[in-house]
Amino acid sequence: MLPPIANQFVAGTTASGTLDYVSDCNSDGMGAIVNLLGEHYDDPERAAADTDTYCQLVSELAAHDIDGCISVKPSQIGIDISPDVFESNFTRIVETGANHDVFVWCDMEDHTTTDTTLEAVEAAAQDNPHGVGIAIQANLKRTDEDLQRLVDVPAAVRLVKGAYDEPTTIAYESKAAVNEAYKRHLEFLFREFDQGIAVGSHDPEMLETATDLHEEYGTPFEIQMLMGVREDAQRELASEGYEVNQYVPYGDKWIQYFYRRVRERKENALFALRAIIGI
Ligand code: FAD
């Protein structure tokens, strides 16, 4: 059972309940990106078990004919154990996705994992072109180069601001600098990139920049937002004809995820508390 404080942001503890939630998203005109909660495993068996669960989830999404894909955290499938364990589990998930025509996103975690994550996604994309995508963080100063490198890779990019505290030597510190970088990267993607662009942000300013760039360059894009955040805006954008995909976490390991949402925005905690006490 999920505690009430978590269920604004987490669809449930089981895959079957989550698939029901995803069907509701579909009825509202949105797709879903399902994420099994879990991170920083140092036990290969746990990493393998979550890999199995993702493969099962992929076949269930396909069997239920649901508009949904999945998103996987590298540290959930072995990046803290070794690059090889991570790559092999990731490849297994991507191949299962390709067999069932289910797209696989790879989340990005802190900067110590960026190179290994990029390499695994690049390799998977070469073997399964257009079946995989990667989150790229605007707060990292290296991102200009990473996007340049991804231009020749058949993988989609989800541009996010970045949810991890990073050293100021390698990351922009102020919100203004991150926002400026985000808009610069959007401009680059709409101009240079045709493998799929996902705008992973709730920020009206970033969404407006994306729609302006879409008008200018004609490049298609999708909007990705998290479950529990600006859901009215998500439905409204979907009803206006934009492709909106909601990121839907499930599972019982919700604490780290919830903590990141609250750190991003204190109102998220208040919002969850209000829902519990009914004000
Ligand atoms: P913020 O900079 O937090 O806020 C900007 C503005 O957006 C606010 O001023 C407000 O106008 C509006 N806004 C934001 N939140 C709310 C709210 N709750 N209610 C009302 N208005 C609001 N990070 C990673 O590091 N790696 C990942 O793999 C990753 N994947 C993600 C996937 C998706 C689909 C999304 C949406 C985010 C992901 N993130 C990831 C998190 C991301 O990096 C940011 O930390 C997070 O999205 C907050 O930044 P923001 O652009 O949404 O807006």
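Note that the structure is a prediction, hence the values are computed from the model and not measured.

Draft legend 1. Spotlight on the sheet that holds strand S5 (residues 156–160). Here eight strands make up a closed barrel; going around it, the order is S1-S2-S3-S4-S5-S6-S7-S8 and the pairing parallel. Taken pair by pair, the neighbouring strands of this sheet meet at an average axis angle of 25 degrees, ignoring direction. Pairing geometry for strand S4 (residues 132–137) and S5, over five bridges, is parallel. Bridge pairing in S5 links Gln137 to Val160. Each of S4 and S5 is contacted by helix H5 (residues 143–150), which is oriented at about 160 degrees to S4, the strand it contacts most.

Draft legend 2. Up close: the packing of aromatic side chains. For the coordinates displayed, the defined rule picks out six aromatic pairs. Centroid distance Phe221 to Tyr242: 6.1 Å. Interplanar angle 55 degrees. Geometry classified as tilted. Within this pair, whereas Phe221 is found in the loop between helix H7 (204–217) and strand S7 (222–226), its partner Tyr242 is found in the loop between helix H8 (231–239) and strand S8 (244–250), the two being separated by 21 residues in sequence. Given the relative accessible area of 28%, Tyr242 is considered partly exposed. Plain terms: the ring middles of Trp254 and Phe258 are 6.0 Å apart, the flat faces sit at 75 degrees to each other, and that makes the pair edge-to-face. Ring pairs connect the aromatic residues Phe9, Trp254 and Phe258, which therefore count as one cluster.

Draft legend 3. Here's a closer look at the packing of helix H2 (residues 44–63) against helix H3 (residues 83–100). Two elements in contact, H2 and H3, have axes separated by 9 Å at closest approach and are oriented at 10 degrees. In terms of axis orientation, H2 runs roughly parallel to H3. Residues Ala47, Ala48, Thr51, Asp52, Tyr54, Cys55, Val58, Ser59 and Ala62 of H2 lie in contact with H3, whose contacting residues are Asn89, Arg92, Ile93, Thr96, Gly97 and His100. Taken together, the residues that form the contact of H2 with H3 break down as seven nonpolar, six polar and two charged.

Draft legend 4. Local environment of the pairing of S7. Counting buried positions along S7 gives five out of five residues, so the element sits mostly inside the fold. Burial of the side chains of S7 extends over both faces: Glu222, Gln224 and Leu226 are buried on one face and Ile223 and Met225 on the other. Read from strand S6 (residues 197–200) through H7 to S7, the crossover connection turns out right-handed. Taking the sense of rotation as the criterion, the β-α-β connection linking S7, H8 and S8 turns out right-handed.

Draft legend 5. Summary view of the site of the ligand. Lining the immediate surroundings of the ligand are 26 residues, of which Lys161, Gly162, Ser201, His202 and Glu264 lie closest. At a separation of 2.7 Å, an oxygen atom of the ligand approaches a polar backbone atom of Gly162. Secondary-structure elements contributing two or more residues to the shell around the ligand are S4, S5, S7 and helix H9 (255–264). No other element matches S7, which puts three residues into the shell around the ligand.

Draft legend 6. The side chain of Thr117, seen in detail. Along the chain, Thr117 falls in helix H4 (residues 114–127). Overall, Thr117 belongs to the buried group, its relative accessible area being 0%.

Draft legend 7. Seen up close, the side chain of Gln195. With respect to the element layout, Gln195 can be found in the loop between helix H6 (175–192) and S6. Among the residues examined, Gln195 registers a relative accessible area of 12% and is labelled buried. Of note is the side chain of Gln195, whose polar atom sits 3.3 Å from the backbone oxygen of Leu150. There is a polar contact of 2.8 Å between the side chain of Gln195 and the backbone oxygen of Val153. When sequence neighbours within four positions are dropped, the list of residues in contact with Gln195 reads His130, Leu150, Val151, Asp152, Val153, Pro154, Ala155 and Ala156.

Rules of the game
Residues numbered from 1 in each chain as written. Predicted model: local features only at pLDDT ≥ 70, side-chain atom pairs only at ≥ 80, totals over all residues. Heavy atoms only, no water. Pairing = 2+ DSSP bridges. Helix = DSSP H or I, 4+ residues; strand = E, 2+ residues; numbered from the N terminus. Axes fitted to C-alpha atoms, helices over the stretch in contact; angles between N-to-C directions. Contact = heavy atoms within 4.5 Å. Phe/Tyr/Trp six-rings, centres within 6.5 Å; stacked < 30°, edge-to-face > 60°. Buried < 20%, exposed > 50% of the residue type's maximum accessible area, 1.4 Å probe, protein only. Parallel < 35°, antiparallel > 145°, perpendicular 65-115°, else oblique. Nonpolar A, V, L, I, M, F, W, Y, C, P; charged D, E, K, R; others polar. Right-handed = clockwise from strand over helix to strand, strands pointing away. Near = heavy atom within 4 Å. Polar contact = N/O pair within 3.5 Å; in protein donor to acceptor, adjacent residues only side chain to side chain.

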